[in-house]
Number of protein chains: 6
Amino acid sequence: MNGTPNTTTSTRYTRGWAKLQEIDGAAGERVVASLADIAPDFAKWLIEFPFGDIYSRPQLDLKSREIGVVAALTALGNAAPQLKVHIHGALNVGCTRDEVVEIIMQMAVYAGFPAALNGLFAAKEVFAERGLSAQQLAD
Amino acid sequence: MNGTPNTTTSTRYTRGWAKLQEIDGAAGERVVASLADIAPDFAKWLIEFPFGDIYSRPQLDLKSREIGVVAALTALGNAAPQLKVHIHGALNVGCTRDEVVEIIMQMAVYAGFPAALNGLFAAKEVFAERGLSAQQLAD
Amino acid sequence: MNGTPNTTTSTRYTRGWAKLQEIDGAAGERVVASLADIAPDFAKWLIEFPFGDIYSRPQLDLKSREIGVVAALTALGNAAPQLKVHIHGALNVGCTRDEVVEIIMQMAVYAGFPAALNGLFAAKEVFAERGLSAQQLAD
Amino acid sequence: MNGTPNTTTSTRYTRGWAKLQEIDGAAGERVVASLADIAPDFAKWLIEFPFGDIYSRPQLDLKSREIGVVAALTALGNAAPQLKVHIHGALNVGCTRDEVVEIIMQMAVYAGFPAALNGLFAAKEVFAERGLSAQQLAD
Amino acid sequence: MNGTPNTTTSTRYTRGWAKLQEIDGAAGERVVASLADIAPDFAKWLIEFPFGDIYSRPQLDLKSREIGVVAALTALGNAAPQLKVHIHGALNVGCTRDEVVEIIMQMAVYAGFPAALNGLFAAKEVFAERGLSAQQLAD
Amino acid sequence: MNGTPNTTTSTRYTRGWAKLQEIDGAAGERVVASLADIAPDFAKWLIEFPFGDIYSRPQLDLKSREIGVVAALTALGNAAPQLKVHIHGALNVGCTRDEVVEIIMQMAVYAGFPAALNGLFAAKEVFAERGLSAQQLAD
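Cut-off values and rules
- Residues numbered from 1 in each chain as written.
- Chains lettered and ligands numbered in written order.
- Predicted model: local features only at pLDDT ≥ 70, side-chain atom pairs only at ≥ 80, totals over all residues.
- Heavy atoms only, no water.
- Contact = heavy atoms within 4.5 Å.
- Buried area = accessible area lost by both parts, 1.4 Å probe.
- Salt bridge = Lys/Arg side-chain N within 4 Å of Asp/Glu carboxyl O.
- Helix = DSSP H or I, 4+ residues; strand = E, 2+ residues; numbered from the N terminus.
- Buried < 20%, exposed > 50% of the residue type's maximum accessible area, 1.4 Å probe, protein only.
- Expected span 1.5 Å × (residues − 1).
- Least-squares fit on C-alpha atoms with pLDDT ≥ 70 in both.
- Axes fitted to C-alpha atoms, helices over the stretch in contact; angles between N-to-C directions.
- Parallel < 35°, antiparallel > 145°, perpendicular 65-115°, else oblique.
- Left-handed = near helix turned anticlockwise from the far one by under 90°.
- Nonpolar A, V, L, I, M, F, W, Y, C, P; charged D, E, K, R; others polar.
- pLDDT = per-residue confidence, 0-100.
- Domains from an automatic or database assignment.

A.B. asks: So what exactly am I meant to see when it comes to the interface of chain B and chain A here?
C.D. replies: Many descriptions give the size of an interface as the accessible area lost when the pieces come together. Counting residues at the interface gives 30 residues for chain B, matched by 31 residues for chain A. Summed over both sides, the interface between chain B and chain A buries roughly 2700 Å², with carbon and sulfur atoms accounting for 69% of that surface. Our enumeration of links across chain B and chain A arrives at four salt bridges. Across the pair Glu 102 of chain A and Arg 65 of chain B runs a salt bridge whose closest N-O atoms are separated by 2.8 Å.

Here's what the structure looks like:
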C-alpha cells in the first residue's frame, strides 16, 4: 500500500468507504483492522474495487445487490464469516428478516438443503446479534 | 410418477406450473419433456417443490428471487444450462438487461473473475436468443 | 408453516418423519427444533421432500442411499454438520464402521486427500459419540 | 513412467488394471491412450492408486463403491466425462438403471436441482450409448 | 466504461495492459473484444485490478503467479476457458511443458483425479495449439 | 495396512516420509497419529502417493509445488486445516512470508475476495504460530 496514495486512488477509496458504511460499516472496519499487520493492500483493494467500483454503480440498487450476495455465499457454502457480514448488510440496506430467510431457503433448490440449512443458522446468529426477537415466520 | 395423482398433489403441481409459466414456460416444458423417458418423477418434483412450494410464496418478489438465482448459479459456475434458463427468467419477470449484467459482474467479487466472465458469456447467448440488439451498457 | 396442514401434506410429512426416524431420529428432532423460531416451513419441507418423497421410494435401499450421501458430502467438503448426521444415519441403517471409513477414503480419488481427511475426522467424532472402541481397521 | 517398472509396482498395476476391467475396461483403455503423449505417469498412478490400492479392497463391494462415486460426481457437478464413465461402471458392476437414476435424483437434496438434472442428462446419454430402450421409470 | 477515463485510471489500465501482454496478449484482446457489446466496464476492471494492481507487484515473480493460477483453476474445475488461457500464460512467462503438466497432475492430491485429468486434457489442447510435438514426459 | 509391507512399498513410504519431513514433518506426524485408530491405511497412502510418488519427482521444485497447493486450497476454501499445513510447508521450503501473502491475495481474482480473506486469516494464524513479528508488508 502506498502511504501517499495519488488523488484518484483516494477517490475510489473514499467512494468505496462511504458505500461500505451504508452496507456494514462496523464489519468493514473490523476487516481493515484485521488485515493491517498482514495485508494492508488487500484492505485497500477490498474497499476500492468491490465497494468503490461496483457497489457504487447506479445500475442496480443496494438491496438487490445484497440479495444476490446472500444467495451466492449461501450456495457456495464455504465463507461463513462473509455470509454473516452480508446478512447484516442486507438488513442494513432495507431487506426484511423474512426476505433474508426466504432467499436463503430458496438456495436449497440450487445448492442443496445442507447449504440452505447452514445459511439459516448463520442468519439466526445475525438476528440474535441484532437483538431481533424470535417470531414465527409463516403460519 | 403416479398416473393418477391425488388431488392435493395436483394443487402443488398446478400452482408450480403456473408459477413456472411466469418465469420461463418454454424452458419448463423442455425440461419436463427431456425427463419424460428417464425420470418423470423428477420433473414432477421440480415443478412441485421449487415452483409450487417456494417461488409461490409472497415473502419475496419474483424479480428478487431471480436475481438471487442468477447470482448463485454464476458463482457456482457448474450449471451453465440452468444459468441460461434463469437469465431468461430474470428478464421475463422484470429485470432489465443492465440489471442482469450488473449482478453477474458483481459475482467477480465473491466467486472470482472466471465465474463472472462465464456468466457474462451465458448472458450474451441469452440476449442473442432474445434478439436484443447489442448496445453499450455504460459510457 | 400451516398450523392445520391439509390431509395430503400430512401424508407426505408423516411418511417423511417415519423415514427420518429410521435414519437418524434424534438429529431430525434437533434440526426441526433449531428451525422453529427462524424457518419452520423449511423444517416441514426438509421432512416432506427428501424424506417423504425421495427416501421413501423403493427403488434404492436405505443403506445405498446413505453411502451416496456420505460420499457426496465428503466430496463437497462444505457441510460438516450434515456429514456427521449422515454418518450416524449410515450406521443406523446397516453400514458397518469399516464400510463408512472405506467410502470416505475412496473420496480422496474424486475430491482430493483434504476432503477425505476431513471426512475421516468427522467419522472419528461420530464413532466417539457412539462409544465405539477404537480398533485397527486393517492389519 | 518407467519403461521397466519394478516387480512390485507391476503388482499394484496388474491388480488395478484387472479391477478397472471389471468396472469399465473400455473407458480405462481410452484414458490411458489419451494420456500417452502428455502424462503417461498419470495413467500409471490412476490404475495403481484408485484401482490397485482402493477399489481392490474387500471392505466395500464394487456396487456400493460405484453408487458413492456417481453420487459424488453428480454433486460436484464439474466432471461430466468422469461421471459418464462411472455411470457405465455402476451398470457394469450390477446397478440397475433405476438405481442409478435414483441416486442421481437424490443428489438434488444435497447439491441442488441443477446438479441432479445435469446428472440425469449424463445418465440419459449413457443409457443411449448402451442401447437401452427408453421406458417409464415409475408409473 | 468511461470514454474519457481520467489520467490515473489510465495508469492502472496501461500498466495492466502491458502486464497482460507479457502473459497472454492475444487472449486478453479476445476477452476485451468479446465483452465490448455486453460489459465493457468488466473488461476495464479485468485489466486494471488483476493485471494492473496485482500481477504488476514485485513481491512474486510471474512464473510463480501462473503456477498458482494453473493449480487453482485445475482444482476448481469449473472454468475451462480461463484454465487454457493461463496454461498459455504459464508457458509464455517461462514454465516448461513438463512443469505445467507436473503442477496439474499434483492437483489430483488436492482436488481429485477427475479435476487433474480434465486439466491435463486442457493442457493437451494448449500444447496442440502451440504446435508442440508430443514426446514422452518421463521415461 | 499390511503389518509386513513388501520391500518396494517400503521404498515408496520411506521416500515419501523423507519428502514430508522436508515440507512439514510435525504436521505429517500429527496426521499419521490422528489416523492410527480409524484409517491407518489412509496415512500410508498419504505418504506413499502424494509424497512418495509426486512430490519426490524432479520435474518441479518444492517451492513451486507449495505455491500451487497454497493457491489451490485457498481457492477451494473448504480445507482450512490442510491450508495451514501447506502455508507452513511453503515457508519451510523457501517461500518468504511476502510470497505466501501474495499468492493468497491473488486468489481473489480466481475464487473471490472471501476465499482470499479466509486464506489470509489462515496465514495470519500460521505466522503467529511461528512467532513471526508483525510488520507492514508494503508501504
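A.B. asks: Just to check I follow, could you spell out the side chain of Lys 19 of chain C for this structure?
C.D. replies: All names here are of chain C. Structurally, Lys 19 can be placed in helix α1 (residues 7-35). With a relative accessible area of 16%, Lys 19 lands in the buried category. Contact partners of Lys 19, with chain neighbours within four places excluded, come to Phe 51, Tyr 55, Ser 56 and Leu 62.

A.B. asks: Is there a simple way to think about helix α2 (residues 40-54) of chain E in this case?
C.D. replies: Three- or four-residue spacings in an α-helix give side chains the same orientation, since the helix completes a turn every 3.6 residues. Under the 1.5 Å per step criterion, the end-to-end length of α2 of chain E is 20 Å for 15 residues, consistent within 8% with the ideal 21 Å. Burial runs high along α2 of chain E: 15 of the 15 residues are buried.

A.B. asks: Can you help me understand the relation of the copies chain B and chain A in this one?
C.D. replies: The operation relating the two chain copies consists of a rotation about an axis and a shift along that axis. Between the two copies, chain B and chain A, the superposition gives an RMSD of 0.0 Å; the rotation angle is 180° and the shift along the axis is 0.0 Å. Accordingly, the operation relating the two chain copies is best matched by a two-fold axis.

A.B. asks: Just checking my understanding: could you explain the packing of helix α5 (residues 97-111) of chain C against helix α6 (residues 113-129) of chain C for this structure?
C.D. replies: Helix-helix packing: each pair is described by the crossing angle between the helix axes and the interaxial distance. All names here are of chain C. Relative to each other, α5 and α6 sit at 160°, their axes nearing to 7 Å. Considering their axes alone, α5 and α6 lie roughly antiparallel with respect to each other. α6 is crossed by α5, and the crossing has right-handed handedness. Residue-level inspection shows Arg 97, Val 100, Val 101, Ile 104, Met 105, Met 107, Ala 108 and Ala 111 of α5 in contact with α6, the latter providing Phe 113, Ala 115, Ala 116, Gly 119, Leu 120, Ala 123 and Phe 127. Here the contact of α5 with α6 is composed, by residue class, of 13 nonpolar, one polar and one charged.

A.B. asks: What is the right way to read the pattern of salt bridges from this model?
C.D. replies: Summed over the entire model, instances satisfying the criterion amount to 72 salt bridges over all chains. A salt bridge links Asp 53 of chain B to Arg 15 of chain B, with the shortest nitrogen-to-oxygen separation between them at 3.8 Å. Of this pair, Asp 53 of chain B sits in helix α2 (residues 40-54) while Arg 15 of chain B sits in helix α1 (residues 7-35), and the two are 38 residues apart along the sequence. Residue Asp 53 of chain B is classed as buried on the basis of its relative accessible area of 11%. Here Arg 15 of chain B falls in the partly exposed class, since its relative accessible area comes to 37%. One connected set of salt bridges, linked through shared partners, spans Arg 12, Arg 15, Lys 44, Glu 48 and Asp 53 of chain A.

A.B. asks: Looking at this structure, how should I read the confidence of the model for chain A?
C.D. replies: Any residue range with low pLDDT should be treated as having predicted coordinates unsuitable for detailed reading. Residue and element names in this part refer to chain A. Looking at chain A, pLDDT values average 90 and 88% of them are 70 or higher. Below pLDDT 50 for its whole length, residues 1-7 participates in nine contacts with residues either more than four positions away or in separate chains. In this model residues 133-139 is a low-confidence stretch, pLDDT under 50, and it forms 21 contacts with partners more than four residues away in sequence or in other chains. Model confidence for the complex: the whole-complex pTM is 0.92, and ipTM, which rates the interface, is 0.89.

A.B. asks: How should the packing of helix α3 (residues 62-76) of chain A against helix α5 (residues 97-111) of chain B be read in this particular structure?
C.D. replies: Packing of α3 of chain A against α5 of chain B leaves a shortest axis separation of 10 Å and a crossing angle of 45°. Between α3 of chain A and α5 of chain B, the interaxial angle falls into the category oblique. The element α3 of chain A and its partner α5 of chain B pack so that their crossing is right-handed. Each of Ser 64, Arg 65, Gly 68, Val 69, Ala 72, Leu 73 and Leu 76 of chain A in α3 of chain A lies in contact with α5 of chain B, whose residues at this interface are Glu 102, Ile 103, Gln 106, Met 107, Tyr 110 and Ala 111 of chain B. A per-class count over the contact of α3 of chain A with α5 of chain B returns eight nonpolar, three polar and two charged.

A.B. asks: Is there a simple way to explain the environment of Leu 76 of chain A in this structure?
C.D. replies: Here Leu 76 of chain A is to be found in helix α3. The buried category is assigned to Leu 76 of chain A, whose relative accessible area is 17%. Considered as a pair, Leu 76 of chain A and Gly 94 of chain A are 18 residues apart in the sequence and their alpha carbons are 24 Å apart. When near neighbours in sequence (up to four residues on either side) are disregarded, Leu 76 of chain A contacts Ala 75, Leu 76, Tyr 110 and Ala 111 of chain B together with Asn 78 of chain C.

A.B. asks: Is there a simple way to think about the domain arrangement of chain A in this case?
C.D. replies: Residues and elements named next belong to chain A. Domains assigned within chain A are domain 1 (1-59) and domain 2 (60-139). Contacts between domain 1 and domain 2 engage ten residues on the former and twelve residues on the latter. Carbon and sulfur atoms make up 54% of the area that domain 1 and domain 2 hide from each other, which totals about 860 Å². Its largest share of buried area at the contact with domain 2, domain 1 owes to Ile 23, Asp 24 and Tyr 55, together 57% of the area lost on that side.

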